[in-house]
Structure formats: structure tokens, C-alpha cells
Amino acid sequence: IESADAVVNLSGASLGRLPWLPGYKTEILRSRLQTAGTLAGAISSATSPPRVFLSASAVGFYGDRPGEVLTEASTQGNDFLSNVVEQWESAAQVTTEATRVVSLRTGLVLGAGGSVAPIVALSKIGLGSRFGNGRANWPWIGLYDEAAAICYLLTSALSGPVNLVGPVPATSDEVTRYVAKKVGRPYLIRMRRWVILATLQEAGSALL
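Reading the values: rules and limits
Residues numbered from 1 in each chain as written. Predicted model: local features only at pLDDT ≥ 70, side-chain atom pairs only at ≥ 80, totals over all residues. Heavy atoms only, no water. 1 Å grid on protein atoms, 1.4 Å probe; cavity = no way out; pocket = protein on both sides within 12 Å on 5 of 7 lines; lining within 4 Å. Points joined across faces, edges and corners; volume = space filled by probe spheres on them. Helix = DSSP H or I, 4+ residues; strand = E, 2+ residues; numbered from the N terminus. Patch = residues over 30% accessible without salt bridge, like charges linked within 9 Å, V, L, I, M, F, W, Y side chains within 5 Å. Areas by Shrake-Rupley, 256 points an atom, 1.4 Å probe, with all protein chains shown as cover. Salt bridge = Lys/Arg side-chain N within 4 Å of Asp/Glu carboxyl O. Buried < 20%, exposed > 50% of the residue type's maximum accessible area, 1.4 Å probe, protein only. Core = buried A, V, L, I, M, F, W, Y, C linked by side-chain atoms within 4.5 Å. Contact = heavy atoms within 4.5 Å. Pairing = 2+ DSSP bridges. Axes fitted to C-alpha atoms, helices over the stretch in contact; angles between N-to-C directions. Phe/Tyr/Trp six-rings, centres within 6.5 Å; stacked < 30°, edge-to-face > 60°. Lys NZ or Arg CZ within 6 Å of the ring centre and 35° of its normal.

Caption draft 1: Quick peek at empty space enclosed by the protein. Evaluated as defined, the whole model comprises one cavity of 30 Å³ or more. In this model, the largest cavity occupies a volume close to 40 Å³. Lining the largest cavity, in full, are Ile119, Leu122, Ser123, Leu127, Gly128, Ser129, Phe131 and Thr176. If you list the elements that add at least two residues to the lining of the largest cavity, you get helix H3 (117-124) and strand S5 (129-131).

Caption draft 2: Region of interest: unusual backbone geometry. The omega angle of the peptide bond from Leu18 to Pro19 is -5 degrees, so this bond is cis rather than trans. With respect to the element layout, Pro19 can be found in the loop between strand S1 (6-9) and helix H1 (22-45). Not every positive phi belongs to a glycine, and Gln201 is a case in point at roughly 55 degrees. Tracing the sequence through the fold places Gln201 in the loop between helix H6 (193-200) and helix H7 (202-207).

Caption draft 3: Focus on a nonpolar patch on the surface. On the surface, a nonpolar cluster with roughly 460 Å² of combined accessible area is contributed by Leu122, Ile125, Leu127, Leu188 and Ile189. Assignment of secondary structure puts Leu127 in the loop between H3 and S5. Residue Leu127 is classed as partly exposed on the basis of its relative accessible area of 36%.

Caption draft 4: Representation of the nonpolar core within the structure. Membership of the largest hydrophobic core comes to 15 residues, with the highest contact counts inside it found for Ile43, Phe53, Val85, Trp88 and Val94. Elements supplying a minimum of two residues to this core: H1, strand S2 (52-58) and helix H2 (80-91). What Val94 contacts, discounting residues up to four positions off in sequence, is Ala40, Ile43, Ser44, Phe53, Thr99 and Val101.

Caption draft 5: Structural view of the sheet that holds strand S3 (residues 100-106). The four strands are arranged S1-S2-S3-S7 in an open sheet whose pairing can be described as parallel. Edge positions in the open sheet fall to S1 and strand S7 (160-164), since each of these has one partner strand only. If you compare each strand with its neighbour and ignore which way they point, the axes differ by 25 degrees on average. Where S1 lies against S2, four bridges are found, and the strand directions are parallel.

Caption draft 6: Layout of the packing of aromatic side chains. Taken as a whole and judged by the stated rule, the model has three aromatic pairs. Judged by centre distance (5.3 Å) and plane angle (90 degrees), the rings of Phe61 and Tyr62 are edge-to-face. In this pair, the class of Phe61 matches that of Tyr62, namely buried. Seen in terms of ring centroids, Phe131 and Trp138 are 6.0 Å apart; in terms of plane orientation they differ by 35 degrees. Their pairing is tilted. Each member of the pair, Phe131 together with Trp138, is buried. Taking NZ or CZ as reference, Lys25 lies 4.7 Å from the ring centre of Phe80, over its face. The residue whose ring lies beneath Arg105 is Phe61, and the NZ or CZ to ring-centre distance is 3.8 Å.

If you want it as C-alpha cells, here you go:
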């Protein structure tokens, strides 16, 4: 840490591993708090700390808020993922004023791998689905723009939470239909809300 100009933490167990069984929910939280807390502690005790600490976070902080415009000033939600993100951001706080801290509240990253991977996998075998009524808002960002935003935040004056999402909102139907089109497969199935909640439970509600 002493030799670093900046620290970027993107670590955390994947939210795309479904369903969230009790043991894995513990791992989702532990993996985030342990890494962010260890880095924040090292920065706080450094003789010459880095100028900036960028730490991963998520728009899951806000919870399920249909029809509401959400900004960095909006309050926390009240579900499992909201509580994880609140603790995650708290763990990343440092005690030195020499280091600027930014929480990267990222939406669904559209690129290879990550949380969109299960949707791509289903689409490739012709099981691309509309989730529920398809009208849920999915804050998204392209992989290139996610990387560019992180690079920008290394030298900007911004601190605290920053929402990393695309400028135009998209519904879940628009995203999943786009994925099916990109892999050249049909988009014919609708996965009912009750099926999602029965099979994926809390993860189905928080993610889909």
C-alpha cells in the first residue's frame, strides 16, 4: 500500500451464482467485508497512503423501488442486497483524510461473464426468457464504459457513492431480448413471477 498511488478494489463473490443458499449468502457478505476492510485498514495505517481508494459497490443499495428516480442521495433499501451494500461501503471507509474514497455503485454490466452470464447461457440454448412482465427497470452499463468510468474517477475530485449506469434506462425485457438477438437465438419464453420467486427466492426478487 505504501508504494501505491491508487487502490481499486473490485473483489466480491459473484451474485450470479444462484440460488443464494444460506451458506452462500454468508460468503457474499464475508468476501466483500473482508477485502474492503483489509484494504481500508492498510490505507489508514500507511505512512504515505494512496491518494484515492475506489471500492466496488452496487445499485442494489437502493432495493426494489419501481417508478422512483434514484440518485446517490437516495436512501437505502431494506432487503438482503441493500444491507450487504451498506456494510460493504462502510467497511471501505478509511480514517485518513489524505485518501479520497469512492464507492462504485455499479449496475448490471453488459459484457462477457459477470452477472449477465446466466442470461447469455440460457439464451444460447434457446431459453432466453422474459422475466415476469418484463417491465422491471434494470440499471445497466457497458463493460467499456464501466472501465472508462473507473479510470475517470481515479483523477476526478468526486468522493462518496457514484452511480455507474448507462444514461438511458432499460427494462428487463429490453435487456434479455437484446441478449437473445446478439447470440442469434429465439426469444419466446416467459418465466412467470411466481416461478422466479419459488426457484430463486430472494435472489429472484433482488436481481430479476
